[in-house]
Amino acid sequence: MSKQKTNSQAKSGMLLILIALFIGLVGYVLFNGVSVGVYDIGNVSQNINYGLDLTGGVNVVLEAQATDDEAVTAEKIESAMLTIRQRIDTLGVSEPTITKQGDNRIRVSIPSVSDQEEALDLIGKTAQLEFVGPDGTVILTGKDVVDSKGVMQTDSSGLEKAVVTLKFSEEGTKLFADATQKYIGQAIQIKLDDEIISSPTVNVAITNGEAVIEGIGDIEEAGNLASLIRGGALPVKLVPIEVRTVGPTLGQNSLDKSIYAGMIGIALVLIFMLIFYRGLGIIADLALIIFIIIFMIILTALNVTLTLPGIAGLILTIGMAVDANVIIFERIKEEARLGKSLLTAIDNGFSRAFTTILDSNVTTLIAGFVLFFLGSGSVQGFAVTLILGILVSMFTAVVITKQLVILLVKTELFKSNSFYGI
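For every chain, the first residue of its written sequence is number 1, and the numbers climb from 1 along that sequence. For a predicted model such as this one, the threshold for reporting local features is a pLDDT of at least 70, and the threshold for listing and counting side-chain atom pairs is 80 or more; totals across whole chains, interfaces and linings nevertheless cover every residue. Based on all heavy atoms of the structure, the side-chain values leave hydrogens and waters out of the count.

*Asks:* Which residues make up the overall build of the chain, and what are the values?
*Replies:* Numbering goes from the N terminus for both helices and strands, where a helix is a DSSP run of H or I of at least four residues and a strand is a run of E of at least two. For the chain, the count of helices and strands is 11 helices and 15 strands. Exposed residues in this analysis have more than 50% of their type's maximum accessible area, buried residues have under 20%, and partly exposed residues fall in between, with area computed by a 1.4 Å probe over protein chains only. Taking all 422 residues of the chain together, 42% fall into the buried category. Considering only contacts within the chain whose residues lie at least 6 apart along the sequence, 70% involve residues at least 24 apart. For this analysis, residues touch if any pair of their heavy atoms sits within 4.5 Å.

*Asks:* Lay out the packing of helix α9 (residues 308–337) against helix α10 (residues 342–374) in plain terms, naming residues and giving numbers.
*Replies:* Look at α9 against α10: their axes get within 8 Å of each other, and the N-to-C directions meet at 145°. The hand of the α9/α10 crossing is right-handed. Two secondary-structure elements touch here, α9 through Met320, Ala324, Ile327, Ile328, Arg331, Ile332, Glu334, Glu335 and Ala336 and α10 through Ala345, Ile346, Asn348, Gly349, Phe350, Arg352, Ala353, Thr356, Ile357, Asn361 and Thr364. Taken together, the residues of the contact of α9 with α10 sort by class into 11 nonpolar, 5 polar and 4 charged. Angles shown run from 0 to 180 degrees and are taken between the N-to-C directions of axes, each axis being a line fitted to C-alpha atoms and, for helices, limited to the stretch in contact. Two helices cross in a left-handed way if the nearer one is turned anticlockwise from the farther one by less than a right angle. They cross in a right-handed way if the turn is clockwise. Each residue gets one label: Ala, Val, Leu, Ile, Met, Phe, Trp, Tyr, Cys and Pro are nonpolar, Asp, Glu, Lys and Arg are charged, and the others, such as Gly, are polar.

*Asks:* Residues and numbers for the packing of aromatic side chains, please.
*Replies:* Any Phe, Tyr or Trp ring, taking Trp's six-membered ring, that has another such ring centre within 6.5 Å forms a pair; planes under 30 degrees apart are called stacked, those over 60 apart edge-to-face, and the others tilted. For the structure shown, the criterion picks out 8 aromatic pairs. Between Phe291 and Phe295 the ring centres are 6.0 Å apart and the planes differ by 35°, which places this aromatic pair in the tilted class. Of this pair, Phe291 and Phe295 both sit in helix α8 (residues 248–301), 4 residues apart, which is roughly one turn of the helix. Here Phe291 and Phe295 have matching classes, each one buried. With centroids separated by 5.2 Å and ring planes inclined at 85°, the aromatic side chains of Phe372 and Phe373 adopt a geometry described as edge-to-face. Overall, Phe372 belongs to the partly exposed group, its relative accessible area being 29%.

*Asks:* Account for a nonpolar patch on the surface, naming residues and giving values.
*Replies:* Residues with no salt bridge and a relative accessible area higher than 30% make up the patches, which join like charges within 9 Å and nonpolar side chains (Val, Leu, Ile, Met, Phe, Trp, Tyr) within 5 Å. Computed by Shrake-Rupley with a 1.4 Å probe, the accessible areas treat only the displayed protein chains as cover when residues are assessed. Only one rule defines a salt bridge in this text: a Lys or Arg side-chain nitrogen within 4 Å of an Asp or Glu carboxyl oxygen. Together, Phe354, Leu358, Val362, Ile366, Phe369, Val370, Phe373 and Leu374 make up a nonpolar patch on the protein surface, roughly 770 Å² of accessible area in all. Looking at the element boundaries, Phe373 is found in helix α10. Looking at Phe373, the relative accessible area reads 62%, which means it is exposed.

*Asks:* Requested: an account of the nonpolar core, with residues and values cited.
*Replies:* Throughout, nonpolar core names a set of buried Ala, Val, Leu, Ile, Met, Phe, Trp, Tyr and Cys residues whose side chains join them through atoms within 4.5 Å. Core analysis: the biggest nonpolar cluster contains 45 residues, and Met296, Leu299, Ile328, Phe329, Ile332 and Ile346 have the highest contact counts within it. With 13 residues, the top contributor of residues to this core is α8. Within the second largest apolar cluster, 21 residues are counted, among which are Val145, Val164, Leu166 and Ile190.

*Asks:* I'd like a rundown of the sheet that holds strand β5 (residues 97–101), residues and numbers included.
*Replies:* By this definition, two strands are paired if DSSP reports at least two bridges between them. Strand order across the open sheet formed by 4 strands is β5-β6-β4-β14, with antiparallel pairing between neighbours. In this open sheet, the two edge strands, each paired with only one partner strand, are β5 and β14 (237–246). Averaged over all pairs of adjacent strands, the angle between their axes in this sheet comes to 20°, without regard to strand direction. Relative to β14, strand β4 (residues 57–65) is paired through 9 bridges, and the arrangement is antiparallel. Across the sheet, Val60 pairs through a bridge with Val243, a residue of β14.

*Asks:* Please set out the confidence of the model for the chain residue by residue, giving values where relevant.
*Replies:* Each residue carries a pLDDT score, the predictor's own confidence in it, on a scale running from 0 to 100. Residue-level pLDDT values for the chain average 77, and 77% of them are 70 or greater. Mean pLDDT in the chain bottoms out at strand β2 (residues 39–41), which sits at 51, and peaks at helix α6 (residues 170–182), which reaches 89.

*Asks:* So, the pattern of salt bridges: which residues are in play, and what are the values?
*Replies:* In the structure shown here, the tally under the stated rule is 8 salt bridges. Lys174 is the salt-bridge partner of Asp178, the closest N and O atoms lying 3.4 Å from each other. Of this pair, Asp178 and Lys174 are both found in helix α6, 4 residues apart, which corresponds to roughly one turn of the helix. We classify Asp178 as partly exposed; its relative accessible area is 39%. For the salt bridge of Arg352 with Glu335, the shortest nitrogen-to-oxygen distance reads 2.9 Å. Pair noted here: Arg352 is in helix α10 and Glu335 is in helix α9, with a separation of 17 residues, a long-range link. What makes Glu335 buried here is its relative accessible area of 5%. Here the salt bridges share partners, and the residues they tie into one network are Arg331, Glu334, Glu335, Lys340 and Arg352.

*Asks:* Could you give an account of unusual backbone geometry, naming the residues involved and the relevant values?
*Replies:* Phi at Arg278 takes a positive value of approximately 50°, unusual for a residue other than glycine. The residue Arg278 is located in helix α8 in this model. Residue Arg278 is classed as partly exposed on the basis of its relative accessible area, which comes to 44%.

*Asks:* Let's hear about the environment of Ile387: which residues, and what values?
*Replies:* Looking at where Ile387 falls in the secondary structure, it is placed in helix α11 (residues 378–411). Residue Ile387 is classed as buried on the basis of its relative accessible area of 10%. As for Ile387 and Gly313, which are separated by 74 residues in sequence, their C-alpha atoms are 8.7 Å apart. Setting aside its immediate chain neighbours within four residues, Ile387 contacts Leu365, Gly368 and Phe369.

In structure tokens:
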């Protein structure tokens, strides 16, 4: 019986050591990254999206202007915001922040873009595409185009060139087929915002609903043009009234200082738990490291854009995670002082603390959801990290901490209650 008990203790101790080593390995890979052959694994700093306040970028305020024929409506502003988002998303840059200001203004913040002209060209063009016959007749417009891509094609001489492919709708296919049959041997002008971008000569009737725009400079220009065409025409004229560049140096300094402050805060929390709760504090620190690893993995997987308020939300949830451990450990102490065994005190302590932890976290979750649905921009970023952090911290505090404490106690390496701060 004594031998079985010794084996059980050894297994528990070995399992605890393996868990600690595994957590250390995962943490190292996550934050530093490793290369396996041609694959790079981990390195959160390279994979996470950072907001405008951290990486720099361009902040643009656009004002919608009414015309004699059409007024500016809320529906048109919403449609314009959707079109702008579609255009930016096609470039694959970090998540833009697009918000409505007043009745006729749109604020657009694009991280990682430093060229103001590039930003304005991307979000401000009306992108009105027209195919015009030699007699000046408009054959079809961008609304008849269902898809467009920038690709490299090899011409008859074997040279590669950038082109933009177009795929027409059913109605557009018919219109284009009729026009190419009518204008064989003549040029059809392709105009973007009244500017001629290509004038191909019709050699044969094109009836398959597909066409190619040639004369593009390079593949990047072709891709930008294709994204504008896919995005369609803006439903209202937008005029930039404010264009401001946020310098990347300022953003990097903010990021470095935030990370430094976060590391100091986490270190102080770890030391506090060790001093006041000793053995239980070791487990709390281990659970806190697990919390940070899980949280960063989720943040990266969900492609969340991290901002300065978001970092504040992360640090806040770390404090809340420790607060849950403090409540649990105090309950364990109360149970142990009643003369109960350590394992029984641990089980009862977690059970008694669960209701308190649940109540406090639910009320904070409600506040987080209110901020997310009623706020915008950086307020939403803070709310997202707060909500995710609360959910993860509850899991690590209630589930992981309990299992780690039980494992440590079962090893019987430390039998004195004073080691556990009791």
